[in-house]
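Letter by letter, the chains look like this.
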Amino acid sequence: MTAMTGAKMVVQALKDQGVEVVFGYPGGAVLPIYDEIFQQNEIRHILVRHEQAAVHAAEGYARSTGRPGVVLVTSGPGATNAVTGLTDALMDSIPIVVLTGQVPTFMIGTDAFQEADTVGITRPCTKHNWLVSDTDSLSDVLHQAFHVARSGRPGPVLVDIPKDVQFASGSYVAPQAAKTSHYQPRRKGDPDRIAELVAAIEAAERPIFYTGGGVINSGPAASQLLRELVDATGIPVTSTLMGLGAYPGSGPNWLGMLGMHGLYEANLAMHDCDLMINIGARFDDRITGRIQDFSPNSRKAHIDIDPSSINKVIRVDIPIVGDVAHVLEDVLRVWKSRGRRTERDALAKWRARIDEWRRVDCLAFRQEGPTIKPQYAVARLEALTKGRDRYICTEVGQHQMWAAQYIRFEEPNRWMTSGGLGTMGYGFPSSIGVQMAHPDALVINVAGEASWLMNMQELGTATQYRLPVKQFILNNERLGMVRQWQQLLHGERYSHSWSESLPDFVKLAEAFGAKGIQCKDPADLDDAIMEMIKHDGPVVFDCLVEKHENCFPMIPSGEPHNKMILGDASTSDAIGAKGAVLV
Amino acid sequence: MSALKIEQGTSKHSAYDLRSNYADVNERHTLAVVVENEPGVLARVVGLFSGRGYNIESLTVAEIDHQGHRSRITIVTSGTPQIIEQIKAQLGRIVVVHDVHDLTVEGPSVERELALFKVTGEGEKRVEALRLADIFRANVVDSTLKSFTFEITGTPEKIDAFADLMRPLGLQEVARTGVAALARGPL
Ligand SMILES: Cc1ncc(C[n+]2csc(CCOP(=O)(O)OP(=O)(O)O)c2C)c(N)n1
Ligand SMILES: [Mg+2]
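Predicted, not measured: the structure shown is a model, and the values here were computed from it.

The next subject is the coordination of the magnesium ion (ligand 2). Residue and element names in this part refer to chain A. Coordination of the magnesium ion (ligand 2) by the protein involves Glu 449 (OE), Glu 449 (OE), Asn 476 (OD1) and Arg 478 (O), with metal-donor separations of 2.1 to 2.7 Å. Read N to C, the donor residues that coordinate the magnesium ion (ligand 2) are spaced as E-x26-N-x1-R. Judged by relative accessible area, which is 9%, Arg 478 ranks as buried.

Structural data, given as C-alpha cells:
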C-alpha cells in the first residue's frame, strides 16, 4: 500500500492493468486526472472530438484486441454523451472501462454545475457501475472494474469519481490485492450436459453450428477449437453478424452469415436442421424471425457463459452454461474419446442439400450501366484488400449488411460492427480505436453517408494522430435501410429518408487535412480503391452508388426463415421450381 | 415489390413478437435475493424489474448481516414459468447479487407479512372489530375512544381476509410490509 492522491491512483491503476491508451475528453471534474496524465509518458491519451466517439473508439480497440478499452470523460455532459456507447457495448458484450468525473461529494445532490446522476443514468446500460465516495476505496474499485468488465460475459463498466476524491490522498492497492472473489462466473460446462451434446452430435442427421459473438469474446482459443470441431465433424457452420471470423470465410464448412440479411443456404439450413448447436449466440430477433416457426424440428443445444441467455427467447434441450473455449475443449475431447462418430451418410446427404441451396447464389448481382452498385463496390474492396493485415469496421444500414455479406473474414477480432444496438456513428470512431491498437494494419470503415456524418468530427482526431483510417462511404444519398423498409412495408412513402444537403466529402476531408477521393464510374473503382489503400493517412472515399438498391436476401421481420425474399438477380432465373416455393 | 405479400399494419409483422411455445399460465413465486448492501443495490433490482417489464407484487428489504453488509430482498413476483426463470437468471447476473433462492420451488417455506390496520367506529361495530381481531390474533397497538390500530402478522391471504372483514367495520387505513420468507427446516 502506497499513499497517493486519487488522481494519481487512477493513472497508477491504469498502468497496473496494462492499459496503453485512453480515449477521452477533459472537463472541470476530471482536471486532476488530466494533470496526472500530463506528467507521465506510459499511457497515451487520444483526444477525441465527442465523448460518444471516445466510447466507440474504446470499443473498436477492445474488439480488435480482446483487451478492455478505456475512456475518460468529465461529469454531466461528458458522461451523458457516453451513454450511447455504453449501451452499444452492453448489447454487444464489449469490455470497456469508462471513468467519469463527478462534482465533489459535498455538492452531490445540489444540482451543482455539470452535475448529473451518472451512476443512476448508466445503471441500466453498464454491466456494473460505482460511485467512489472516498479515496481509500478508489484503487480497489478501479481494479474490480477491470475484473468485472472482462470476466464472464464481458461488458462496459463505469467508475464515477468525484473531484474531491481525486484531490484527496489515500492508500493505493495493487490489482492482486483487490477484492474480486465475489464475482467469478462459471467457466467449465456441466460434464453430463456435454456428454449429452456429444451424443446428439453423433446421432444427428442434419446438424448445424450456429455461432455468435461469444466465440470471439471467449478469445482466440475458442475460435481455434471451433475450427477444429467443425472440420473434424464436417458439420456446417453459420454465424451471426457478431461472430464473423470465428470460423474462416474460406473454410470448407462455412455457410455464410444467417439472419434477416443472412444467406439463403444458412437460413434454410437453420430452418431444416435436426440439431442446432448454438455457441455463444443469443437467438436475437434478427436471427430467429417468427419465434413459433423458428427451426421447428430441431433439438437445440446452447453454450453460453450467461445463464440468462439460455431459454430467454427459445427453449433449448441441452443448455450448457460455460465459457465457449472451455466447453468446446471438453466437447472435442469427449467426442474424440468416444470414437469420433458422426452419421456420415446422413451428413453427406445434408451437405448435398445445402449445396443445392447454395446454387441459388443468393448474393448474385449484376454490375451493369454507368452507376456503381453498392454490392460491387464492397466486392471490389474485398478483392483488392483480402490477404492484407486488414480490419473492417462499419456504420449501420444497408452498407453494413453488404459488408457482412461480401467480405470474408478469416480471423476473429477483425470485424467491428454495432450489432445489438445498431448505432449509426459507431464505425468511424471505432476505426480510430482499431488503428490505435494496430498502427500498421489497414483499417477500413465501410460506411453509409448518413451514419458517417453522425461522428464525422472525428476526422480531426484521425488527422491529429495521423491515423490512416480509410472511410469507405457508400453514398446512396439515402438513409438506405430506412428507405428499403419504407419501400417494402410502407407503400413507398419515403418519409424523411433522403440525405439532403450533403457536404462535398472531398472538400470536407481536405478541410480537416485528410485526403478525399470521389468515385462514381465503375471503370475507375479499382484504381480509386488502390489510391485509397496506398495513401499514408486518413482517407474519405466518397463512393457514389446506385440510390435505390435493396439489400437482399431479406427475411421480413416477423416471418420465418423459409419466407426469405431474394434479390432481383436471383429471383428471375436462378431459383428452380423447388426454391421458388419457399421464396 | 409484389414478391413481398405483407398486409400492412398487421401486428404479426412486428420484429419483436417474442411469444414462444411455453406454457403461458402465470405463477406466483417468492424469491429471496441476498445482496451486497451498497448504495444503489435496490435500484439495480427494481430497475431490472421495471426495465424488463416484470411484475413486483411485493418487495421487502433490510440489512440482515451488519458486519458482512448483506441485505435480503424478498420479492413476490408473478409470470409464466419462462419469465420466472428469466427473472432469476437476470437477478443472478447482477454483480452485487450473491444468491437467488426461489422459495416457491425449493421446498416448503414460511411466508409472513406484517400489517397495521386503522379502524374507526362506535357501538356494535367497535365491539365486533375487537372480537374479530382476537380471532385473527391481531394486537391492539393504539386505541382511542373512536378507533383501534391493529397489528397483524400472517400470510398475505390471512391479511387480505382480515382486511375484508374490517372494511364494513370502519377500516380507514392499511400499512403492509410485504412478504418476508424463509425455507422450512434446518439449513
Ligand atoms: C443513431 C441511429 N439513429 C437511427 C437509426 C435508424 N437507422 C437504421 S439504418 C438508417 C439509415 C442509415 O443510412 P446510411 O448510413 O446512409 O446507410 P445506408 O443504409 O444508406 O447504407 C437509420 C436512420 C440508427 N440505426 N441509429
Ligand atoms: Mg446511405
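Once you've had a look at it, read on.
Below, the discussion takes up the environment of Ala 163 of chain B. Residues and elements named next belong to chain B. Within the secondary structure layout, Ala 163 lies in helix H4 (residues 156-166). On a C-alpha basis, the gap between Ala 163 and Arg 184 in space is 27 Å, while along the polypeptide they are 21 residues apart. Sequence-distant contacts of Ala 163, that is, excluding residues within four places in its chain, are made with Phe 117 and Leu 171.

All names here are of chain A. One open sheet holds the six strands; their spatial order is S11-S10-S9-S12-S13-S14, and the pairing between them is parallel. Bordering the open sheet on either side are strand S11 (254-257) and strand S14 (318-321), each of which pairs with just one other strand. The sheet shows a mean angle of 15° between the axes of neighbouring strands, taken without regard to direction. Of the strand pairs in this sheet, strand S9 (residues 207-211) and strand S10 (residues 237-239) are connected by three bridges, and their pairing is parallel. Paired with Tyr 210 across the strands is Thr 238, a residue of S10. The strands touched by helix H11 (residues 220-233) are S9, S10 and strand S12 (275-279); relative to S9, the strand with the most contacts, the crossing angle is about 165°.

Residue and element names in this part refer to chain A. Among the 17 residues in the neighbourhood of ligand 1, the closest are listed as Gln 398, His 399, Gly 422, Ser 451 and Gly 480. At 3.4 Å, a backbone N or O of Met 424 approaches a nitrogen atom of ligand 1. A distance of 2.9 Å is found between an oxygen atom of ligand 1 and a backbone nitrogen or oxygen belonging to Met 481. Notes on ligand 1: free accessible area 580 Å², of which the protein chains cover 76%. Where the shell around ligand 1 is concerned, the elements lending two or more residues are helix H17 (398-406), helix H19 (449-453) and helix H21 (480-489).

What follows concerns the sheet that holds strand S17 (residues 442-448) of chain A. Pairing between the strands of a sheet comes from backbone hydrogen bonds, and it takes one of two forms, parallel or antiparallel. Residues and elements named next belong to chain A. Taken together, six strands build an open sheet; the order of strands is S16-S15-S17-S18-S20-S19 and the sheet is parallel. Lying at the two open borders of the sheet, with one neighbouring strand each, are strand S16 (415-416) and strand S19 (515-519). Note that S17 and strand S18 (residues 470-475) share five bridges and pair parallel. The residue bridging Gly 448 from the neighbouring strand is Leu 474, located in S18. Sitting on the sheet, H17 touches strand S15 (390-394), S16, S17 and S18, and the angle it makes with S17 is about 135°.

Residues and elements named next belong to chain A. With five of its five residues buried, S15 lies for the most part within the structure. Where burial is concerned, the two faces of S15 agree: the one with Arg 390, Ile 392 and Thr 394 and the one with Tyr 391 and Cys 393 are both buried. Both S15 and S17 contribute to a ladder of five bridges, which runs parallel. Counted as the bridge partner of Thr 394 is Val 446 from S17. Relative to S16, S15 runs parallel, the two being bridged by two bridges. Within S16, the position partnered with Ile 392 by the bridge is Trp 415. In this fold, S15 hands off to H17, which returns the chain to S16; that crossover is right-handed.

Here we take up the domain arrangement of chain B. Residues and elements named next belong to chain B. Domain parsing of chain B yields domain 1 (27-102) and domain 2 (111-183). A straight line from the C-alpha centre of domain 1 to that of domain 2 covers 29 Å. Each side of the interface is counted separately: domain 1 has eight residues, and domain 2 has nine residues. Summing both partners gives a buried area of about 560 Å² for domain 1 against domain 2, and 45% of it is carried by carbon and sulfur. Looking only at domain 1, the three residues that lose the most surface to domain 2 are Arg 28, Thr 60 and Arg 72, adding up to 54% of its buried area. For the pair domain 1 and domain 2, the interface holds one salt bridge. With a shortest N-O distance of 3.8 Å, Arg 28 and Glu 111 are connected by a salt bridge. Applying the counting rule to domain 1 against domain 2 returns four residue pairs in polar contact (both at pLDDT 80 or more). Residue composition of the side of domain 1 that touches domain 2, grouped by class: two nonpolar, four polar and two charged.

The rules behind these values
- Residues numbered from 1 in each chain as written.
- Chains lettered and ligands numbered in written order.
- Predicted model: local features only at pLDDT ≥ 70, side-chain atom pairs only at ≥ 80, totals over all residues.
- Heavy atoms only, no water.
- Donors = N, O, S within 2.8 Å, 3.2 Å for Na, K, Ca; no water.
- Buried < 20%, exposed > 50% of the residue type's maximum accessible area, 1.4 Å probe, protein only.
- Helix = DSSP H or I, 4+ residues; strand = E, 2+ residues; numbered from the N terminus.
- Contact = heavy atoms within 4.5 Å.
- Pairing = 2+ DSSP bridges.
- Axes fitted to C-alpha atoms, helices over the stretch in contact; angles between N-to-C directions.
- Near = heavy atom within 4 Å.
- Polar contact = N/O pair within 3.5 Å; in protein donor to acceptor, adjacent residues only side chain to side chain.
- Areas by Shrake-Rupley, 256 points an atom, 1.4 Å probe, with all protein chains shown as cover.
- Right-handed = clockwise from strand over helix to strand, strands pointing away.
- Domains from an automatic or database assignment.
- Buried area = accessible area lost by both parts, 1.4 Å probe.
- Salt bridge = Lys/Arg side-chain N within 4 Å of Asp/Glu carboxyl O.
- Nonpolar A, V, L, I, M, F, W, Y, C, P; charged D, E, K, R; others polar.

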